[in-house]
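Architecture and fold: a report
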Amino acid sequence: MVEFVLIVTFLGDFKGEESVYVADFPNCLTANIYYDSHFKGKEKYNGYRCLRKDLIGEAEKTKLGI
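Let me begin by describing the structure that accompanies this report.

Conventions used here
Residues numbered from 1 in each chain as written. Predicted model: local features only at pLDDT ≥ 70, side-chain atom pairs only at ≥ 80, totals over all residues. Heavy atoms only, no water. Helix = DSSP H or I, 4+ residues; strand = E, 2+ residues; numbered from the N terminus. Buried < 20%, exposed > 50% of the residue type's maximum accessible area, 1.4 Å probe, protein only. Contact = heavy atoms within 4.5 Å. Areas by Shrake-Rupley, 256 points an atom, 1.4 Å probe, with all protein chains shown as cover. Salt bridge = Lys/Arg side-chain N within 4 Å of Asp/Glu carboxyl O. Phe/Tyr/Trp six-rings, centres within 6.5 Å; stacked < 30°, edge-to-face > 60°. Core = buried A, V, L, I, M, F, W, Y, C linked by side-chain atoms within 4.5 Å. Polar contact = N/O pair within 3.5 Å; in protein donor to acceptor, adjacent residues only side chain to side chain.

Comments concerning the overall build of the protein
- Within the protein, the secondary structure is distributed over 2 helices and 3 strands.
- In the protein, which comprises 66 residues, the proportion classed as buried is 24%.
- Considering only intrachain contacts with a sequence separation of at least 6, the fraction spanning at least 24 residues in the protein is 53%.
- In the structure as shown, the protein presents an accessible area of about 4600 Å², 53% of it carried by carbon and sulfur atoms.

Some thoughts on the pattern of salt bridges
- Going through the model one piece at a time under the given rule, you end up with 4 salt bridges.
- Across the pair D54 and R52 runs a salt bridge whose closest N-O atoms are separated by 2.7 Å.
- A salt bridge links K61 to E58; its shortest N-O distance comes to 3.8 Å. Here K61 and its partner E58 are both found in helix α2 (residues 58-64), 3 residues apart, which amounts to about one turn of the helix.
- Shared partners join several salt bridges into a network, and the residues in it are E3, D24 and K53.

Regarding the packing of aromatic side chains
- Enumeration according to the criterion identifies 4 aromatic pairs in this entry.
- Taken together, a centroid distance of 6.0 Å and an interplanar angle of 20° make the contact between Y35 and F39 stacked. Grouping residues by exposure puts Y35 and F39 together as buried.

Considering the side chain of K61
- The class for K61 is buried, based on a relative accessible area of 16%.
- Not counting the four nearest positions on each side in its chain, K61 is found in contact with K53, I56 and I66.

Examining the nonpolar core
- Formed by L6, V8, F25, A31, Y35 and F39, the largest nonpolar core amounts to 6 residues.
- Residues in contact with A31, not counting those within four places in the same chain, are L6, F25 and C50.

Here's the deal with the side chain of T9
- Assignment of secondary structure puts T9 in strand β1 (residues 4-12).
- Polar contacts involving the side chain of T9 include one to the side chain of S19, which spans 3.3 Å.

Here it is as structure tokens:
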């Protein structure tokens, strides 16, 4: 089974743009619903990406804390 991860991009104080790993999901539709429920419309968050977990490089996984 392929897992997908939700990565939210936000604007942090004095740090510029950063991305944060949120959670694993069975598909991007579920991740989208989660994003809409918890992040959409909040000032500090400006978007998200849903990616296949197995296609994320090891360096990026380490950086995101996956």
